[in-house]
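Survey of secondary and tertiary structure
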Amino acid sequence: MSGNPDEDRLEELRQERLEELQDKAGGEDAQRQAAKEQQERAKAQQDALLKQHLTDDARQRLNAVEMSKPEFAEKVKRQVTALAQSGRVQGQIDEEKMKQILRELKPEEKSFDIRRR
């Protein structure tokens, strides 16, 4: 170092601050990683419940909906998962029950009237 005690002290403080910032960034990465792992576990649990409570036809219908409207399909998955976890599903959900659930959860359609003068 330069030999000046003030400059040496300033360099030490800079190094300590840099280490603190690096430690903090590492902690945030760990939190982000933990949150990501928790999301993956919840998704795996949801998939297992859906596989258990949906027939093949119902699962195919839900997959078809997911291809065209992913947000709506996610809403349906959450609803079916909630029904299964609360014990309100008797047996498995077949295609007809899935159609009924889709109709009930379907967002309101907006219609437009265009009149020409």
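Keep in mind that this is a model prediction, so the values were computed, not measured. (Residues numbered from 1 in each chain as written. Predicted model: local features only at pLDDT ≥ 70, side-chain atom pairs only at ≥ 80, totals over all residues. Heavy atoms only, no water.)

A few points about the overall build of the protein
Quick reminder of the rule: Only DSSP runs of H or I reaching four residues or more are called helices, and only runs of E reaching two or more are called strands; each is numbered from the N terminus. Radius of gyration means the value over C-alpha atoms here, while the globule rule gives 2.2 Å times the residue count to the 0.38 power. Think of it in three bands: with a 1.4 Å probe and only protein chains considered, a residue is buried below 20% of the maximum accessible area for its type, exposed above 50%, and partly exposed in between. The contact definition used throughout considers only heavy atoms, calling two residues in contact when any of these lie within 4.5 Å. Accessible areas in this description were obtained via Shrake-Rupley with a 1.4 Å probe; residue shielding takes into account the shown protein chains only.
Per the secondary structure count, the protein includes four helices and zero strands. Each helix (α) and strand (β) of the protein, taken in turn from the N terminus, gives the series α-α-α-α. The C-alpha atoms of the protein give 27 Å as radius of gyration, which overshoots the globular expectation for 117 residues (13 Å, by more than 25%). Across its three principal directions, the C-alpha atoms of the protein cover 85 × 55 × 20 Å. When each of the 117 residues of the protein is scored for burial, the buried share is 20%. At a minimum sequence separation of 6, the contacts of the protein that also span at least 24 residues come to 69%. When the accessible surface of the protein is split by element, carbon and sulfur atoms take 47% of a total near 9,800 Å².

Structural notes on the nonpolar core
Keep this limit in mind: Only buried Ala, Val, Leu, Ile, Met, Phe, Trp, Tyr and Cys residues count toward a nonpolar core, and they belong to the same one when joined by side-chain atoms within 4.5 Å.
Membership of the largest hydrophobic core comes to 18 residues, with the highest contact counts inside it found for Leu 54, Val 76, Val 80, Ile 93 and Met 98. Put simply, the parts of the chain that give this core at least two residues each are α1 (5-53), α2 (56-68), α3 (70-86) and α4 (95-105). A per-element tally of this core places α3 first, with six residues.

Regarding α3
This is how the line gets drawn: The span one expects for a helix is its residue count, reduced by one, times 1.5 Å.
Across its 17 residues, α3 extends 24 Å between first and last C-alpha, which sits within 8% of the 24 Å expected from 1.5 Å per residue. Along α3, the positions that sit buried rather than exposed are Phe 72, Ala 73, Val 76, Lys 77, Val 80, Thr 81, Leu 83 and Ala 84. Elements in contact with the buried residues of α3: α1, α2 and α4. Two residues or fewer past α3, Gly 87 is found with a positive phi of approximately 85 degrees.

Comments concerning the layout of surface pockets
Formally: Grid points spaced at 1 Å over the protein atoms alone were grouped into cavities, where a 1.4 Å probe fits but cannot get out, and pockets, open sets with protein on both sides within 12 Å along at least five of seven lines, with lining residues defined by an atom within 4 Å of a point. Grid points are joined across faces, edges and corners, and a volume is the space filled by probe spheres set on the points. Classification used: nonpolar for Ala, Val, Leu, Ile, Met, Phe, Trp, Tyr, Cys and Pro, charged for Asp, Glu, Lys and Arg, polar for all others including Gly.
Approximately 220 Å³ is the volume attributed to the largest pocket. Along its surface, the largest pocket is lined by Gln 79, Leu 83, Arg 88, Val 89, Gln 90, Gln 92, Ile 93, Lys 97, Gln 100, Ile 101, Glu 104 and Leu 105. When residues of the lining of the largest pocket are assigned to their parent elements, the largest contribution, five residues, is made by α4. When its residues are assigned to classes, the lining of the largest pocket shows five nonpolar, four polar and three charged.

Examining the pattern of salt bridges
Rules: Every case where a carboxyl oxygen of Asp or Glu lies within 4 Å of a side-chain nitrogen of Lys or Arg is listed as a salt bridge.
Applying the stated criterion across every chain yields a total of eight salt bridges. Among the ionic pairs, Glu 66 bridges to Lys 77, the shortest N-O distance being 3.1 Å. Linking Glu 66 in helix α2 with Lys 77 in helix α3, this pair joins segments that are 11 residues apart in sequence. On the accessibility criterion, Glu 66 (28% relative accessible area) is partly exposed. Taking relative accessible area as the criterion, Lys 77 reaches 6% and is therefore assigned buried. Its salt-bridge partner being Lys 99, residue Glu 96 comes within 3.5 Å of it at the nearest N-O pair. Here Glu 96 and its partner Lys 99 are both found in helix α4, three residues apart, which amounts to about one turn of the helix.

Any functional reading would require information beyond the geometric quantities listed.
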